[in-house]
Amino acid sequence: AQTVTQSQPEMSVQEAETVTLSCTYDTSENNYYLFWYKQPPSRQMILVIRQEAYKQQNATENRFSVNFQKAAKSFSLKISDSQLGDTAMYFCAFMKPDGLDSNYQLIWGAGTKLIIKP
Amino acid sequence: NAGVTQTPKFRILKIGQSMTLQCTQDMNHNYMYWYRQDPGMGLKLIYYSVGAGITDKGEVPNGYNVSRSTTEDFPLRLELAAPSQTSVYFCASSYGLGLNTEAFFGQGTRLTVV
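Everything numeric in this text was worked out from a predicted model, so none of it was measured.

## What to know about the overall build of chain B
- Scanning chain B for helices and strands turns up 0 helices and 11 strands.
- Over its C-alpha trace chain B gives a radius of gyration of 13 Å, about what one expects of a compact globule, namely 13 Å for 114 residues.
- Here the C-alpha coordinates of chain B stretch approximately 40 × 30 × 25 Å along the principal axes.
- Across the 114 residues of chain B, 47% fall into the buried class.
- The contacts in chain B between residues at least 6 apart in sequence include a share of 54% that link residues at least 24 apart.
- When the accessible surface of chain B is totalled, it reaches about 5300 Å², and 51% of it is carbon and sulfur.
- Across chain B, the centroid of the 9 positively charged side chains sits 11 Å from that of the 8 negatively charged ones.

Have a look at this one:
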């Protein structure tokens, strides 16, 4: 069974600093998808970035980038020039590709609470 | 540009009561999902649907039922509420898989069973 582990329950950095959130996962699949979602206090779940496992190039979205290490099964999120609006829970999630037993479900980590201090 | 709309936002139920959480999406997405989020935990899948008329159990389906009579709507039914069902519930939808794997979420329903 697939599992996703986020080892940092909470992190706190000053505004404008760079912060890296860690995520490791366990799977025997070769192809899959990985995601980072942000959940601000409003509770809305917002997709931050996604990575397809067969792509070696790390995904980037403006200030957000990932360090995808497939052999190590690691998928960390780097936030550059952090802003107060980045304060939120961040969830790492895994999805198997389409298939009869994929269940079409996202497997979620427990989340990291990120606080950006002014 | 509504996206995924869930109602209600908050609800308090007494043990044994029933209720339906409503979810509708206007993006013509095939796939819809119900998740629950317990404190300090990630989301767990309750039920999902790959299209109108088709539903299937997720990881934690006990105590819940769903239906999908239309593409837009995917209500979640709690028949006999129990304290263990106190949680935040999220409805989500996605167009498909592969490159269209992004799931769009509703704003959640905070349910308390007392």
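Right, picking up where we left off after that structure.
## Structural notes on the nonpolar core
All names here are of chain A.
- Counting residues in hydrophobic clusters, the biggest one holds 27 residues, and the most contacted among them are L21, Y25, W36, F75, L77, Y90 and L114.
- Mapped onto this core, the elements with two or more residues apiece are β2 (10-14), β3 (19-21), β5 (33-39), β6 (46-52), β8 (64-69), β9 (74-79), β10 (88-95) and β12 (112-117).
- Examining the composition of this core, we find that 4 residues originate from one element, β10, more than from any other.
- Once residues within four sequence positions are removed from consideration, L21 is found in contact with Q8, M11, W36, S76, L77, Y90, T112 and L114.

## Examining the state of the cysteines
- All chains considered together, the criterion is met by 2 disulfides over all chains.
- Note that C23(A) is cross-linked by a disulfide to C92(A), the S-S spacing being 2.0 Å. Since a negative S-S torsion denotes a left-handed disulfide, the C23(A)-C92(A) link at about -70 degrees is left-handed. In this pair, C23(A) is assigned in the loop between β3 and β4 (24-26) and C92(A) in strand β10, connecting sequence segments 69 residues apart.
- Relative accessible area serves as the criterion here: at 2%, C23(A) is assigned to the buried category.
- Bridging C23(B) to C91(B), the disulfide has an S-S length of 1.8 Å. On the sign convention where negative means left-handed, the S-S torsion of about -70 degrees between C23(B) and C91(B) marks this disulfide as left-handed. Here C23(B) is found in strand β3 (residues 19-25), whereas its partner C91(B) is found in strand β9 (residues 87-94), with 68 residues between them in sequence.

## Some words on the sheet that holds β3(B)
Residue and element names in this part refer to chain B.
- Strand order in the open sheet made by the 4 strands is β1-β3-β8-β7, with antiparallel pairing throughout. Looking at the sheet topology across the chains shown, the edges are occupied by β1 (4-7) and β7 (64-66). This sheet shows a mean twist of 20 degrees between the axes of neighbouring strands, independent of strand direction.
- Across 3 bridges, β7 lies against strand β8 (residues 76-78) in antiparallel orientation. Looking across to β8, one finds that Y64 is bridged to L78.

## What about the pattern of salt bridges?
- Across all of its chains, the model carries 6 salt bridges over all chains by this definition.
- With a closest N to O distance of 2.9 Å, R63(A) and D86(A) form a salt bridge. Note that R63(A) is positioned in the loop between β7 (60-61) and β8 and D86(A) in the loop between β9 and β10, a separation of 23 residues in sequence. You'll find R63(A) and D86(A) in the same group, each marked buried.
- The shortest N-O distance in the salt bridge between K44(B) and E59(B) comes to 3.7 Å. With K44(B) in strand β5 (residues 43-51) and E59(B) in the loop between β6 (54-57) and β7, this pair connects stretches of sequence that are 15 residues apart.
- You can call E59(B) partly exposed: its relative accessible area is 45%.

## Quick word on the confidence of the model for chain A
- Confidence along chain A averages 90 in pLDDT terms, with 92% of residues attaining 70 or more.
- Per-element mean pLDDT across chain A ranges from 84 in strand β11 (residues 106-108) of chain A up to 98 in β3(A).

## Details of the side chain of R43(A)
- Summarising the element assignment, R43(A) is placed in the loop between β5 and β6.
- D38(B) is the oppositely charged side chain nearest to the buried, salt-bridge-free R43(A), at an N-O distance of 12 Å.
- Setting aside anything within four residues of it in sequence, one finds R43(A) in contact with K9(B), F10(B), V88(B), F90(B), Q107(B), G108(B), T109(B) and R110(B).

What counts and what doesn't
Residue positions are given per chain, counting from 1 as you read along its sequence in written order. Following the order in which they are written, the chains are lettered starting with A and the ligands numbered starting with 1. In view of the model being predicted, local features appear only for residues whose pLDDT reaches at least 70, and side-chain atom pairs are presented and counted only at 80 or more, with totals across whole chains, interfaces and linings using the full set of residues. Side-chain numbers here rest on the full set of heavy atoms in the structure, without hydrogens or water. Helix and strand definitions here come from DSSP, where helices need a minimum of 4 consecutive H or I residues and strands a minimum of 2 consecutive E residues; each element is numbered from the N-terminal end. As a reference, a globule follows 2.2 Å times the number of residues to the power 0.38, and the radius of gyration itself is taken over C-alpha atoms. A simple rule labels every residue: compare its accessible area, found with a 1.4 Å probe on the protein chains alone, to the largest value its type can have, and call it buried under 20%, exposed over 50%, or partly exposed in between. In what follows, a contact means two residues having at least one pair of non-hydrogen atoms within 4.5 Å. Accessible surface area values rest on a Shrake-Rupley calculation with a 1.4 Å probe, where residue burial reflects the displayed protein chains alone. Counting rule applied: Lys, Arg positive; Asp, Glu negative; His and chain ends not counted. To locate a charge, take atom NZ for lysine, CZ for arginine, CG for aspartate or CD for glutamate. What we call a nonpolar core is a set of buried Ala, Val, Leu, Ile, Met, Phe, Trp, Tyr and Cys residues that are connected through their side-chain atoms within 4.5 Å. To count as a disulfide, a pair of cysteine sulfur atoms needs to be within 2.5 Å. When DSSP finds at least two bridges between two strands, those strands are taken to pair. Note on geometry: axes are lines fitted to C-alpha atoms, helical ones only across the stretch in contact, with angles between N-to-C directions running from 0 to 180 degrees. Each salt bridge in this description consists of a side-chain nitrogen of Lys or Arg and a carboxyl oxygen of Asp or Glu lying within 4 Å of one another. The pLDDT value expresses, per residue, how confident the predictor is, ranging between 0 and 100.

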